[in-house]
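# Structural characterization, general
Chain by chain, the residues:
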Amino acid sequence: MAAPDGTLNCEDFSMFQEVLKVMRNIDDRIVHSLNTTVPTVSFSGRVDASQTCRQLYESLMEAHLSRDRAIKTCIGQTSEVVGQLREQRAKDGDNMTTIKLLRKEQTKLKLMRSELNVEEVVNDRSLKVFSERCRTHYTPPTVK
């Protein structure tokens, strides 16, 4: 899943950010999800908390991997464009259009790489909240 509608626009950075924003909904709503699905002590007999926590964890991991792939795919595509533009600049160093386009693509590449850092913070926050609420009900497998 690259994006909710199946397409990810790597050319337009603002659209790229919008798609990531939609893809981050599960992380933005983690506290609400935990509050509505993981029972408190008084309701613990009515709901299987370990099953609920396991399903939520799997959903989180799927979303994290999906976003990571999407970001890295766009970084790869933009890196290729930057490489091509550098070759063009090397051949024709006086072409201002090429130089401006190269700067634009380099800036976009830098912004996309910074999204990886944002993604790391979002993932850490979600996993911390998940661990606080589900640690007694479900222990995720260790990542090697």
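Refer to the structure above for everything that follows.
Notes on the structure in this doc start here. Keep in mind that this is a model prediction, so the values were computed, not measured. Residue numbers run consecutively from 1 along every chain, following the written order of its sequence. Owing to the predicted nature of the model, reporting of local features is limited to residues with pLDDT of at least 70; listing and counting of side-chain atom pairs is limited to 80 or more, with chain, interface and lining totals taken over all residues. Note that water and hydrogens are dropped before the side-chain values are worked out from all heavy atoms of the structure.

Side-chain pairs of opposite charge can arise where the charged atoms are in close proximity. In the sections that follow, a salt bridge refers to a side-chain nitrogen of Lys or Arg positioned within 4 Å of a carboxyl oxygen of Asp or Glu. Under the defined criterion, the tally for this structure stands at 8 salt bridges. For Arg24, the salt bridge identified is with Glu115, shortest N-O distance 3.1 Å. Of the two residues, Arg24 sits in the loop between α1 (13-23) and α2 (25-28) while Glu115 sits in helix α5 (residues 96-134), which places them 91 residues apart along the sequence. You'll find Arg24 and Glu115 in the same group, each marked buried. Here Glu105 makes a salt bridge to Lys108, at a shortest N to O gap of 3.3 Å. With Glu105 and Lys108 both in helix α5 and 3 residues apart, the pair spans about one turn of that helix. Comparing Glu105 with Lys108, the two get one shared label, buried. The helix and strand labels rest on DSSP assignments: H or I over at least four residues marks a helix, E over at least two residues marks a strand, and numbering proceeds from the N terminus. Exposure classes here rest on a 1.4 Å probe applied to the protein chains alone. A residue is buried below 20% of its type maximum, exposed above 50%, and partly exposed in between.

What follows is about the environment of Asp48. Following the sequence through the fold, Asp48 ends up in the loop between α3 (30-37) and α4 (49-91). Judged by its relative accessible area of 45%, Asp48 falls in the partly exposed class. In this structure, the C-alpha to C-alpha distance between Asp48 and His137, residues 89 residues apart in sequence, is 8.8 Å.

Throughout, a disulfide means two cysteine sulfur atoms within 2.5 Å of one another. Per the stated rule, a full pass over the model turns up 2 disulfides. Across the disulfide from Cys10 sits Cys74; the S-S distance is 1.9 Å. Between Cys10 and Cys74, the S-S torsion sits near -70 degrees, and that sign places the bridge as left-handed. Residue Cys10 is located in the segment before α1, and its partner Cys74 is located in helix α4; the two are separated by 64 residues in the primary sequence. The same class applies to Cys10 and to Cys74, which are both buried. What pairs with Cys53 in a disulfide is Cys134, and their sulfur atoms sit 2.1 Å apart. Around the S-S axis, the bridge from Cys53 to Cys134 shows a dihedral of about -75 degrees and counts as left-handed. Of the two residues, Cys53 sits in helix α4 while Cys134 sits in helix α5, which places them 81 residues apart along the sequence. For Cys53, a relative accessible area of 0% gives the class buried. Relative accessible area serves as the criterion here: at 0%, Cys134 is assigned to the buried category. Sequential numbering of the bridged cysteines in the protein chain gives the disulfide pattern 1-3, 2-4.

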